[in-house]
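Examination of the molecular architecture
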Amino acid sequence: MINIREIFNPSYNFIGLLFIVLLIVIILMINKNIKYASKLIGNTFLISGIVTLFLDFILSLFLKLTLSSYYKVIIEVISNHLLKECLYYSIFSIGLGIILKMIFKLTSSKKA
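Residues numbered from 1 in each chain as written. Predicted model: local features only at pLDDT ≥ 70, side-chain atom pairs only at ≥ 80, totals over all residues. Heavy atoms only, no water.

**Concerning the overall build of the chain**
Note the threshold: By the criteria applied, helices consist of DSSP H or I runs no shorter than four residues and strands consist of E runs no shorter than two, each listed in order from the N terminus. Think of it in three bands: with a 1.4 Å probe and only protein chains considered, a residue is buried below 20% of the maximum accessible area for its type, exposed above 50%, and partly exposed in between. Should any heavy atoms of two residues lie within 4.5 Å, those residues are counted as being in contact. Residue exposure ignores everything except the shown protein chains as possible cover, and the areas themselves are Shrake-Rupley values with a 1.4 Å probe.
Scanning the chain from terminus to terminus reveals 4 helices and 0 strands. Mapped in sequence order, the helices and strands of the chain form the string α-α-α-α. Evaluated residue by residue, the chain yields a buried proportion of 17% over its 112 residues. For the chain, restricting intrachain contacts to residue pairs at least 6 apart in sequence, the fraction spanning at least 24 positions comes to 76%. Summed over its atoms, the accessible surface of the chain is roughly 8700 Å², and 76% of this surface lies on carbon and sulfur atoms.

**Brief notes about helix α3 (residues 34-66)**
Operational definition: Multiplying 1.5 Å by the helix residue count minus one yields the expected span of that helix.
In this model α3 runs 47 Å from its N-terminal to its C-terminal C-alpha over 33 residues, within 8% of the 48 Å that 1.5 Å per residue would give. Those residues of α3 that sit buried are A37, S38, I41, G42, F45, L46, G49, D56, S60 and L63.

**Examining the side chain of S90**
With respect to the secondary-structure elements, S90 resides in helix α4 (residues 69-111). Not counting residues within four places of it along the chain, the set of residues in contact with S90 comprises G49, T52 and L53.

**Describing a nonpolar patch on the surface**
Applied cut-off: The patches described consist of residues with a relative accessible area above 30% and no salt bridge, like charges being joined within 9 Å and nonpolar side chains (Val, Leu, Ile, Met, Phe, Trp, Tyr) within 5 Å. Salt bridges are defined as contacts in which a side-chain nitrogen from Lys or Arg sits within 4 Å of a carboxyl oxygen from Asp or Glu.
On the surface, a nonpolar cluster with roughly 820 Å² of combined accessible area is contributed by I47, V51, F54, L55, F57, I58, L61 and L65. Inspection of the secondary structure assignment puts F54 in helix α3. For F54, a relative accessible area of 52% gives the class exposed.

Shown next as structure tokens:
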């Protein structure tokens, strides 16, 4: 029998976070202008957070409207955990994107 809780175990999230950090380091190494790179990374985090939040909302609404009570018992374990984690990461991504955009605006306004 497949253990669904083990497949969607949140302790595996560090692999994704390491991948994101690696991509940020690559962007900073390729781009010599750190301020522009922070703006680019901030925009990426902001857009991905908004898209993830929107998809999380749509998926949550779809699951609440379409599932019958029999399937809801089976899928609820997966969907509740997955949607909760997506919500947390999308809010974190939006916050990080806003912070990076603010850093870009503060550093670019000081030189002007």
